[in-house]
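Close look at the chain arrangement
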Amino acid sequence: MLNWINPTNASLSRSISTSTSIPTSPSQRSPLGSRLSARLSKGLGKGLSKSLAVAATTGTLLGATLGVSASAQAMELRFGHAGTEDTAYQLGAERLRDLLAEKTDGDITMTIMGNSVLGHETEMFEQQMAGALDMSIVSPGLITDFSPTANVFTIPFLYRDVDHWQKVLDGDVGQEIAQKISDETDVKVLAYFGGGKRHIVSSREVTSLDDLKGLKLRTNPTKPLIVAWQALGVEPSVVAWKEIYTAIQLGAIHGLLNEPEWTLRMRFHEVAPNIALSEHDITVRLLTMSKMSWDNLDEQQQKTLMESAHDAAAYARKVQLEQDADALAELEKQGAKLHEIDRERMQEIVAEPLKEVIAEMGLKEIYDKVRAVK
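Residues numbered from 1 in each chain as written. Predicted model: local features only at pLDDT ≥ 70, side-chain atom pairs only at ≥ 80, totals over all residues. Heavy atoms only, no water.

So, about the overall build of the chain. Within the chain, the secondary structure is distributed over 14 helices and nine strands. When the accessible surface of the chain is split by element, carbon and sulfur atoms take 48% of a total near 15,500 Å². (Helix = DSSP H or I, 4+ residues; strand = E, 2+ residues; numbered from the N terminus. Areas by Shrake-Rupley, 256 points an atom, 1.4 Å probe, with all protein chains shown as cover.)

And the structure:
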């Protein structure tokens, strides 16, 4: 497996000032317990292994946190995420917390723990699979080992524009994808956060497709992305998130694929001041809940939670889009150069290689449904 770190994880490690132990129920309670055990035996789930070890002495706390009877009663949900307090992650979580408190007269409360204090996104997702954490936000690209369907969100140029993106996420196709991911992972996808538009950020000027030839860009190691960018002449590189700035500075890579918000937060424009407006992706982030926690809610609580989750997600996407646009304007103000690039021609070049990969990965049916949304 390629080693990479998501921007909403390791980049915030310097902000972390506390640590939290997560009480966990035995993995055999989850239908995916055997899969988690296999991952642990291969050394791929160190963060979860630590959480399970803690559970040996603190398991009784899980019942107090998650366990409720079939009838409605007061309960507290724990919501972990990797964002700082000013991100759409946190603001969306706060909106969800407030809606639940209001709609249930305080019967459902939520404790929000950001800044990756519960581990990085993959670890939090695994904790949900084991029933040790109620809710979190995760990048689909980080859970493709568990959910083949999640790969659909890593396909470049999947959306025509923001309106298409919104309609996919809020419509029947978005619900179908959410259900498929839920079935594959035993973690329920409630709604979708996201909204960052990804571009090419580089030390070299990229004003034409010819400038992409031989360009070494750090990109996420999912097959659709790698195949598409190789078709454009780019050399995809695997670099840990925290090492990107230095790698660009030393010339090991020329840049990365990223959204303006994180380019600004991490100050990548200091060493890679050129932004080619490829808008090859609009980010999607899954708002997820442990199936065990979901099953502990009665029917009315589930209905209220779903309604509140969709409201909070719509708000979080709005915030993310605004932050993204503001960040791009600020980057230009600070000296970054914005370059137009032939997006239509890029899509033509990657179409055939992507078609083969999409079919090979069993994503053609759902991909066609996404593209057909009007």
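So, on to the packing of aromatic side chains. On inspection of all chains with the given rule, the structure shows three aromatic pairs. When the ring of Phe153 is compared with that of Tyr192, the centres are 5.7 Å apart and the planes differ by 65°; the resulting orientation is edge-to-face. Placement of the pair is Phe153 in the loop between strand 3 (135–138) and helix 6 (162–170) and Tyr192 in strand 4 (residues 187–202), with a sequence separation of 39 residues. With relative accessibility at 8%, the residue Phe153 sits in the buried group. Relative accessible area serves as the criterion here: at 3%, Tyr192 is assigned to the buried category. The ring of Tyr315 has Arg95 lying over it, and the distance from NZ or CZ to the ring centre is 3.9 Å. Residue placement shows Arg265 over the ring face of Trp262; its charged tip is 5.4 Å from the ring centre. (Phe/Tyr/Trp six-rings, centres within 6.5 Å; stacked < 30°, edge-to-face > 60°. Buried < 20%, exposed > 50% of the residue type's maximum accessible area, 1.4 Å probe, protein only. Lys NZ or Arg CZ within 6 Å of the ring centre and 35° of its normal.)

Time to look at helix 6. Among the residues of helix 6, His164, Trp165, Val168 and Leu169 are the ones counted as buried. Projected down its long axis, helix 6 shows its buried positions confined to an angular sector of 130°, all on one face. Tucked into the core, helix 6 has its buried residues touching helix 7 (172–185), strand 4, strand 8 (274–290), helix 12 (299–333) and helix 14 (364–372). Measuring from the backbone nitrogen of Asp163 back to the side-chain oxygen at the start of helix 6 gives 3.2 Å, which picks out Asp161 as the cap. (Arc of directions from axis to C-beta. Contact = heavy atoms within 4.5 Å. Polar contact = N/O pair within 3.5 Å; in protein donor to acceptor, adjacent residues only side chain to side chain.)

By the bridge criterion, four bridges tie strand 4 to strand 7 (residues 255–258) in an arrangement that is antiparallel. Each bridged residue has a counterpart across the sheet, and for Ser202 the counterpart in strand 7 is Gly255. When strand 5 (residues 216–218) meets strand 7, the two strands line up parallel, connected through two bridges. Looking at strand 7, one finds that Leu217 is bridged to Gly255. (Pairing = 2+ DSSP bridges.)

Let's shift gears to the nonpolar core. Nonpolar side chains in soluble globular proteins generally cluster together in the buried interior. Core analysis: the biggest nonpolar cluster contains 50 residues, and Phe153, Ile177, Tyr192, Ile200 and Leu286 have the highest contact counts within it. Of all elements in the fold, only helix 5 (121–129), helix 6, helix 7, strand 4, helix 8 (223–231), strand 8, helix 13 (343–360) and helix 14 reach the threshold of two or more residues within this core. What Ile177 contacts, discounting residues up to four positions off in sequence, is Thr149, Val152, Phe153, Tyr192, Ile366 and Val370. (Core = buried A, V, L, I, M, F, W, Y, C linked by side-chain atoms within 4.5 Å.)

Another aspect to go through is unusual backbone geometry. Despite not being glycine, Ser116 shows a phi value in the positive range, around 60°. Looking at the secondary structure, you find Ser116 in the loop between strand 2 (108–113) and helix 5. Residue class for Ser116 comes out buried when judged on its relative accessible area of 9%. Residue Glu279 is not a glycine yet carries a positive backbone phi of 40°. In this structure, Glu279 sits in strand 8.

Here the focus is the confidence of the model for the chain. Across the chain, the average pLDDT comes to 85, with 81% of residues at 70 or higher. Per-residue pLDDT stays below 50 along residues 1–71; that stretch engages in 135 contacts with residues further than four places along the chain or on separate chains. (pLDDT = per-residue confidence, 0-100.)

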